Structure formats: structure tokens, C-alpha cells
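Below are the chains, spelled out letter by letter.
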Amino acid sequence: MTESELRDLLVELGASLFARGYSVGSAGNISVRLQDGYLMTPTNSSLGRLKADRISKLDLEWNHVGGDKPSKEVFMHRAVLTARPEAGAVVHLHSTYATAIGCLAGPEDTAPIPPLTPYFVMRVGRTLPVIRYYRPGDAAMENDIHEAAKEARAMLLANHGPVVSGKTLVDAVYAAEELEESARLALMLRGQPARELTPEQVDDLLRTFG
Ligand code: 13P
């Protein structure tokens, strides 16, 4: 896709996430890898009202070279995109149910959401590390996120929200949606004897769908 097409897609998907309540106010940010750098949603922008020509552009060294001032979470996005060369986009949300799980789970957890459904496993993967709390925009989070992203497509920032990567922008958005709905299911079923997918079923899904 061209940069212009990616800008338009970012506006469209941001509006769609916002319209369905996956982000509120100015919460959340999205980055997309380009051949000559990165696109990033501007700081304090609402995902519901992005303007294609005002989306921030950063060069390959992550210097701001165009558009409005980028998200203060640039370190978070850089951490994932440098750890995962195959990732084309990163979506960070404060979506309610995934954030709730990130408030409940212990910092050592690697699977705070059990494998209840195939699409959670297919889109989010086997592990979902929980990164200890950092203040939003704190550059100190970069190393922890970078290390976690080497092994995991998605993670939860404790008391903050999910960070999800995907091969393409659409993949990252779909994975963020799947993570949010899986978190919702996990909370609905909390305290009830739910039937989780077995390790063999998880292996089969990952073998078949990657
Ligand atoms: P920005 O407005 O700087 O992107 O920050 C929003 C956010 O989600 C902080 O985590």
C-alpha cells in the first residue's frame, strides 16, 4: 500500500475503533511501518477524528519529520516495531476489558487471559505478558516492552492497557479487537468452570494458522 492509502486506512480504522467504544476521548495511539519511516497518530488526538494529512511522520531514526507532534508513546511503538521486524503496525488502546485484566493480573503473569477461543490464539498468540506499570509516555518502558515483544505479539501494560502488533495495520486492529473481546469473555466467565482449549488444541491452531 502507498503511504497515502495507509493514511486513509488509519483514519478509517481509527474512526471505526472509536465508534465501537474501543477507545474514548484521546486515548490510544497507532503506528504503521513505512519503507522510509513510520506513521503515528498525533499526541492528544482522538482516534475518532484523525486527519490524514496531520498524522505524524517519523523517519527511520524515529525523528519527527512531518504532520502534528507524535504520540507521547513513541517509545512503546518503537520498542515493538524494532523487536518484531515482521510487524507492520502497532495498536495501543485503553479498551475497558483488557485494561481491567491488566489491573487484576500479577506482574509475573504470561497468560492472564486463558485460551478460551480459537481466534484469541490465532490473532493474539500463546502468551500475553504483563508489563509492570509505567507512567504514560515514560521512556523507561521501552526496554521491558522490547524484550517482551521479541516473544509475544501482544502484551498488557499493568493498569494502563493493551499493546498489540500485527503484520499489517488491519491485522493489528483485528488482533486488538480480538484481545478486547477475549478479555471480556474471560471476565464474564471468571469464577465459573470454563472449558479452556487444551495445549494440543492451541498447538494445532498455531501450526495451522501461524
Ligand atoms: P497520546 O495522546 O500522546 O497518543 O497518548 C494517549 C495514550 O493512550 C497514552 O497511553
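Look up: the structure comes first, before these words.
Just so you know, these numbers come straight off a predicted model, no measurement behind them. (Residues numbered from 1 in each chain as written. Predicted model: local features only at pLDDT ≥ 70, side-chain atom pairs only at ≥ 80, totals over all residues. Heavy atoms only, no water.)

Novice: Now, about the layout of surface pockets: what can you tell me, with residues and values included?
Specialist: Its volume calculated, the largest pocket comes out at about 310 Å³. Surrounding the largest pocket, 13 residues form its lining, Met122, Arg153, Gly166, Lys167 and Asp171 being those nearest its centre. In terms of residue class, the lining of the largest pocket is made up of 4 nonpolar, 3 polar and 6 charged. (1 Å grid on protein atoms, 1.4 Å probe; cavity = no way out; pocket = protein on both sides within 12 Å on 5 of 7 lines; lining within 4 Å. Points joined across faces, edges and corners; volume = space filled by probe spheres on them. Nonpolar A, V, L, I, M, F, W, Y, C, P; charged D, E, K, R; others polar.)

Novice: An account of the side chain of Ser95 is requested, with residue identities and associated values reported.
Specialist: Following the sequence through the fold, Ser95 ends up in the loop between β5 (89-92) and α3 (96-104). Ser95 sits in the buried class, given a relative accessible area of 1%. Looking at Ser95, its side chain comes within polar contact range of the side chain of Glu180, at 2.8 Å. Discounting residues that sit within four places of it in the chain, Ser95 has contacts with Tyr22, Pro162 and Glu180. (Helix = DSSP H or I, 4+ residues; strand = E, 2+ residues; numbered from the N terminus. Buried < 20%, exposed > 50% of the residue type's maximum accessible area, 1.4 Å probe, protein only. Polar contact = N/O pair within 3.5 Å; in protein donor to acceptor, adjacent residues only side chain to side chain. Contact = heavy atoms within 4.5 Å.)

Novice: I'd like a rundown of the packing of aromatic side chains, residues and numbers included.
Specialist: Within this structure, the stated rule accounts for 1 aromatic pair. Geometrically, the ring pair formed by Tyr38 and Trp62 is stacked, given 3.7 Å between the ring centres and 20° between the ring planes. Of this pair, Tyr38 sits in strand β2 (residues 37-40) while Trp62 sits in the loop between β3 (56-58) and β4 (64-66), and the two are 24 residues apart along the sequence. Residue Trp62 is classed as buried on the basis of its relative accessible area, which comes to 12%. (Phe/Tyr/Trp six-rings, centres within 6.5 Å; stacked < 30°, edge-to-face > 60°.)

Novice: Help me get a handle on the nonpolar core, residues and values and all.
Specialist: Formed by 36 residues in total, the largest nonpolar core has its most connected members in Leu10, Ile113, Leu169 and Leu179. Only α1 (3-19), β1 (29-34), β5, α3, α4 (118-124), β7 (154-157) and α6 (169-188) provide two or more residues apiece to this core. Looking at this core, the element that brings in the most residues is α6, giving 8 residues. Within the second largest apolar cluster, 21 residues are counted, among which are Val74, Met76, Ala79 and Tyr134. (Core = buried A, V, L, I, M, F, W, Y, C linked by side-chain atoms within 4.5 Å.)

Novice: Now, about the site of the ligand: what can you tell me, with residues and values included?
Specialist: Taken together, Ser26, Ala27, Gly28, Asn29, Thr43, Asn44, Ser71, Lys72, Glu73, His92, His94 and His160 make up the full set of residues adjacent to the ligand. In the model, an oxygen atom of the ligand is placed 2.9 Å from a nitrogen or oxygen of the Asn29 side chain. For the ligand, an oxygen atom lies 2.9 Å from a polar atom in the backbone of Lys72. The protein chains hide 96% of the 300 Å² of surface that the ligand would expose on its own. Of the residues belonging to the shell around the ligand, the class tally is 1 nonpolar, 9 polar and 2 charged. (Near = heavy atom within 4 Å. Areas by Shrake-Rupley, 256 points an atom, 1.4 Å probe, with all protein chains shown as cover.)

Novice: Which residues make up unusual backbone geometry, and what are the values?
Specialist: Although it is not a glycine, Asn44 sits at a positive phi angle of roughly 65°. Within the secondary structure layout, Asn44 lies in the loop between β2 and β3. Phi is positive for Asn159, which is not a glycine, with a value near 60°.

Novice: Tell me about the pattern of salt bridges, and please be specific about residues and values.
Specialist: Enumeration according to the criterion identifies 10 salt bridges in this entry. Note that Glu3 and Arg7 form a salt bridge whose closest N and O atoms lie 2.9 Å from each other. Of this pair, Glu3 and Arg7 both sit in helix α1, 4 residues apart, roughly one helical turn. For Arg7, a relative accessible area of 13% puts it in the buried group. Across the pair Glu181 and Arg184 runs a salt bridge whose closest N-O atoms are separated by 3.7 Å. Here the residue Glu181 and the residue Arg184 both occupy positions in helix α6, the gap between them amounting to 3 residues, near one helical turn. For Arg184, a relative accessible area of 37% corresponds to the partly exposed category. One continuous salt-bridge network, built from bridges that share partners, spans Glu3, Arg7, Asp36 and Lys57. (Salt bridge = Lys/Arg side-chain N within 4 Å of Asp/Glu carboxyl O.)

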